[in-house]
Amino acid sequence: MTKQNIETICVQGGYTPGNGEPRQIPIIQSTTFKYNTSEDMGKLFDLEASGYFYSRLQNPTCDAVAAKICALEGGAAAMLTSSGQAANFFALFNICTCGDHIVASSSIYGGTFNLIAVTLAKMGVEATFISPTASDAELDAAFRPNTKAVFGETIANPALTVLDIEKFAQAAHRHGVPLIVDNTFATPVNCQPIAWGADIVTHSTTKYMDGHGASIGGAIVDAGKFDWLAHADKFPGLCTPDDSYHGITYAEKFGKEHAFITKATAQLMRDFGSTQSPQNAFYVNLGLESLHVRVARHCENAQAVAEFLEQHPKVSCVHYCGLPSDPYHELAKKYLPQGSCGVVSFELTGGRQAAQVFMKQLKLAAIETHVADAHTCCLNPATSTHRQMTDEQLQVAGIPAGLVRLSCGLESKEDLIADLAQALEAVE
Ligand SMILES: *Cc1c(COP(=O)(O)O)cnc(C)c1O
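In this report, we go over the structure that sits alongside the text. Because the structure is a prediction, the values reported are computed rather than measured.

Concerning the site of the ligand
Taken together, 14 residues sit near the ligand, with Gly84, Asp182, Ser204, Thr206 and Lys207 positioned nearest. The contact in question runs from an oxygen atom of the ligand to an N or O atom on the side chain of serine 204, over 2.8 Å. In this structure, an oxygen atom belonging to the ligand sits 2.6 Å away from a side-chain N or O atom of threonine 206. Expressed as a share of its isolated accessible area of 380 Å², the protein-covered part of the ligand is 93%.

Here it is as structure tokens:
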């Protein structure tokens with residue numbers, strides 16, 4: 001069959017029922033799987049045969065949903081994880097260990113920043129953070145002999161910067177390491193980082209993929225293109241025998257296509273157990289079936305809201321790459337030609353006080369520490385996630401006290417704009 005379009009993969013990818021089988025992906029709510037002989041099961045433990053034995057490592061429902069996400073991203077292999085945090089941790093820890101180093105964009109999700117800057121640092125993995133707009137020379141200067149990966153977000157949460165994926169991929173490859181891209185905000189409907197050179201793509205499926213605020217989850221997709229054996233000295237975990245599996249060498253036994261995901265499943269899932277429940281995977285799949293329809297609508301609403309806010313006298317600044325005035329508009333035209341995401345951030349001229357009055361006045365947009373689901377929600381970092389910081393510290397961190405992050409849901413854009421307009425009226 002010819003390559004399917006993204007809409008078709010959203011609906012039908014990953015699972016094809018046989019004659020008389022369930023139309024919807026079955027929820028295999030079973031911790032374990034039965035075998036007739038110890039020999040049969042032994043082959044699974046030796047990674048000699050593929051199959052299921054315990055749902056901490058693999059489960060058929062999760063694998064079907066992972067296969068759909070893999071197809072959406074144009075990857076070779078994929079796995080689900082319990083959360084987006086687990087996905088980014090596994091993607092990095094699968095190739096980085098004590099004594100290694102990561103180059104990461106400074107414009108990334110706060111949870112991922114903590115993971116890299118604090119937790120991985122405690123485990124002996126150091127990081128250098130660089131601007132998403134770094135030049136080739138600045139990028140090259142960030143690498144060290146022990147650098148093992150480059151990390152960035154297609155559209156950063158919450159800064160809404162756009163990563164120059166091709167430039168970051170080329171820098172990573174010049175230094176013999178893979179580029180890992182968190183594609184949560186763009187989703188594969190709006191951008192497929194693998195097509196621009198990314199090697200590993202991660203997701204918080206909690207956001208648009210689920211899309212209804214129903215289930216926490218994550219995913220990792222491997223493009224299957226990075227040649228681990230060509231850089232064997234850098235990646236001993238993939239290129240030397242694993243004693244915990246009778247000395248198999250992942251990159252030799254499973255090839256470029258499957259080495260990374262097999263190792264992450266067989267080693268990291270086995271040892272850390274950050275598995276997604278089959279029930280959550282089922283919810284994610286329901287979300288995926290309409291992802292292409294919903295994402296387009298989220299973007300349409302956000303574009304209309306951004307245009308309304310930009311011309312409002314009480315709004316000093318709007319961050320949305322769909323606006324021609326946005327510094328990331330040119331990159332967005334290249335990487336996100338169909339739209340970016342439903343999240344818009346903006347600053348009120350009245351600062352912290354105005355933001356509080358404004359948000360209290362909103363009727364449709366709820367105050368939540370969440371983004372990217374059907375319900376519109378908003379957050380003022382200065383009075384919530386970043387409330388320990390002074391106005392001066394906030395300014396330095398690029399999060400002014402009056403900044404509001406608005407995640408446009410799937411309601412009518414006229415109603416959303418009317419809600420914003422009446423709330424802005426109450427502001428000084
Ligand atoms: C939310 C988010 C995460 C973390 O995902 P969880 O599912 O909440 O663990 C990681 N990256 C990005 C870009 C996110 O928006």
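Side note on the pairing of strand E7 (residues 218-222)
Within E7, five of the five residues are buried, which leaves it mostly tucked inside the rest of the structure. Covered by surrounding structure in E7 are Gly218, Ile220 and Asp222 together with Ala219 and Val221, the residues of both alternating faces. Summarising the sheet, strand E1 (residues 77-81) and E7 pair through five bridges and their orientation is antiparallel. By the bridge assignment for E7, leucine 80 is matched with alanine 219. Relative to E7, strand E6 (residues 200-204) runs antiparallel, the two being bridged by five bridges. Opposite valine 201, over in E7, you have valine 221 as the bridge partner.

Some words on the pattern of salt bridges
Inspection of every chain in the model, using the stated rule, returns ten salt bridges. Among the salt bridges present, the one from arginine 144 reaches glutamate 126, with a minimum N-O distance of 3.2 Å. Separated by 18 residues along the polypeptide, arginine 144 in the loop between helix H6 (136-142) and strand E4 (147-153) and glutamate 126 in strand E3 (residues 126-130) bring together distant segments of the chain. Assessed through its relative accessible area of 34%, arginine 144 is described here as partly exposed. Look at glutamate 126 and you get partly exposed, because its relative accessible area is 45%.

Some details on the state of the cysteines
What the rule picks out here adds up to zero disulfides. Its sulfur unpaired, cysteine 70 is 14 Å from the next cysteine sulfur, which belongs to cysteine 10. You can see cysteine 317 has no disulfide; the closest cysteine sulfur is in cysteine 321, sitting 14 Å from it. The exposure class assigned to cysteine 317 is partly exposed, which follows from its relative accessible area of 26%.

Considerations on the pairing of strand E9 (residues 343-348)
Across the six residues that make up E9, a large majority, six, are buried. One ladder, built from four bridges, connects strand E8 (residues 315-319) with E9; its direction is antiparallel. When the bridges of E9 are listed, cysteine 317 appears paired with glutamate 347. For E9 and strand E12 (residues 403-407), the ladder comprises five bridges, and the chain directions are antiparallel. Note that in E12 the partner of glutamate 347 across the bridge is leucine 403.

With respect to the nonpolar core
In this structure, Trp228, Leu309 and Phe358 are the most contacted members of the largest nonpolar core, which totals 130 residues. Per-element tally for this core: the top contributor is helix H10 (residues 250-272), with ten residues. Those residues in contact with phenylalanine 358 that lie beyond four places of it in its chain are Phe346, Leu348, Val404, Leu420, Ala423, Leu424 and Val427. Ala382, Ile399, Ala401 and Leu403 belong to the second-largest nonpolar core, a separate cluster that totals five residues.

Observations regarding the packing of helix H12 (residues 291-310) against helix H16 (residues 413-425)
With their axes 9 Å apart at the nearest point, H12 and H16 run at an angle of 30° to one another. With respect to H16, the element H12 is oriented roughly parallel. In this structure, H12 meets H16 at a crossing whose hand is right-handed. Within the contact between the two elements, H12 uses Glu300, Asn301, Ala304, Val305, Phe308 and Leu309 and H16 uses Lys413, Leu416, Ile417, Leu420, Ala421 and Leu424. For the contact of H12 with H16, the class distribution of residues is nine nonpolar, one polar and two charged.

Quick look at the sheet that holds E9
Sheet architecture is open: five strands sit in the order E8-E9-E12-E11-E10, paired in mixed fashion. Strands with a single pairing partner mark the edges of an open sheet, and in this sheet they are E8 and strand E10 (366-367). Of the pairings in the sheet, the one linking E10 to strand E11 (residues 377-379) comprises two bridges and is parallel in character. Of the residues in E11, the one forming a bridge with isoleucine 367 is cysteine 378.

Here we look at the packing of aromatic side chains
Any two aromatic rings considered together are summarised by their centre-to-centre distance and by the angle between their planes. This model, assessed by the stated rule, comprises 17 aromatic pairs. Between the aromatic rings of phenylalanine 185 and tyrosine 208, the centroid separation amounts to 6.5 Å while the plane-to-plane angle is 70°, which identifies the pairing as edge-to-face. Taken together, the positions of phenylalanine 185 in the loop between strand E5 (179-182) and helix H8 (187-190) and tyrosine 208 in the loop between E6 and E7 put the pair 23 residues apart, joining distant regions of the chain. Pair check on accessibility: phenylalanine 185 and tyrosine 208 agree, each one buried. Residues phenylalanine 226 and phenylalanine 235 carry aromatic rings whose centres are separated by 5.8 Å and whose planes lie at 85° to one another, so their mutual orientation is edge-to-face. One aromatic cluster in this structure is built from Phe89, Phe90, Phe93 and Phe272. Sitting over the ring of tyrosine 109, lysine 207 keeps its end group 5.1 Å from the ring centre.

The rules behind each value
- Counting from 1, residues in each chain are numbered in the order their sequence is written.
- In view of the model being predicted, local features appear only for residues whose pLDDT reaches at least 70, and side-chain atom pairs are presented and counted only at 80 or more, with totals across whole chains, interfaces and linings using the full set of residues.
- By convention in this description, side-chain values take in all heavy atoms of the structure and omit both hydrogens and water.
- A single heavy atom is enough: if one lies within 4 Å of a molecule or strand, its residue is considered near that molecule or strand.
- For this analysis, a polar contact is any N or O atom pair within 3.5 Å, provided that within protein one partner can donate a hydrogen and the other can accept it, and provided that sequence-adjacent residues contribute only side-chain to side-chain pairs.
- Using a 1.4 Å probe, accessible areas were evaluated by the Shrake-Rupley method; residue-level cover was limited to the displayed protein chains.
- Burial classification: accessible surface area is computed with a 1.4 Å probe over protein chains only, and a residue below 20% of its type maximum counts as buried, one above 50% as exposed, and the rest as partly exposed.
- Only DSSP runs of H or I reaching four residues or more are called helices, and only runs of E reaching two or more are called strands; each is numbered from the N terminus.
- For two strands to pair, DSSP has to find at least two bridges joining them.
- Salt bridges are defined as contacts in which a side-chain nitrogen from Lys or Arg sits within 4 Å of a carboxyl oxygen from Asp or Glu.
- Throughout, a disulfide means two cysteine sulfur atoms within 2.5 Å of one another.
- Among buried residues, the Ala, Val, Leu, Ile, Met, Phe, Trp, Tyr and Cys ones that are joined through side-chain atoms within 4.5 Å form a nonpolar core.
- Whether two residues are in contact is decided by their heavy atoms, any of which lying within 4.5 Å being enough.
- To get an axis, a line is fitted to the C-alpha atoms, and for a helix only the part in contact is used. The angle between two axes follows their N-to-C directions and goes from 0 to 180 degrees.
- We call two directions roughly parallel when the angle between them is under 35 degrees, roughly antiparallel when it is over 145, roughly perpendicular when it lies between 65 and 115, and oblique otherwise.
- Handedness of each helix crossing follows the sense of rotation of the near helix against the far helix: counterclockwise by less than a right angle gives left-handed, clockwise gives right-handed.
- Following the grouping adopted for this structure description, the nonpolar residues are Ala, Val, Leu, Ile, Met, Phe, Trp, Tyr, Cys and Pro, the charged ones are Asp, Glu, Lys and Arg, and the polar ones are all others, Gly among them.
- For this analysis, a ring pair means two rings from Phe, Tyr or Trp (six-membered ring only for Trp) whose centres lie within 6.5 Å, classed as stacked if their planes differ by under 30 degrees, edge-to-face if by over 60, and tilted for the remaining angles.
- When the NZ atom of lysine or the CZ atom of arginine is within 6 Å of a ring's centre and also within 35 degrees of its normal, the charge is said to sit over that ring.

No statement about biological role is implied by the geometric values presented.
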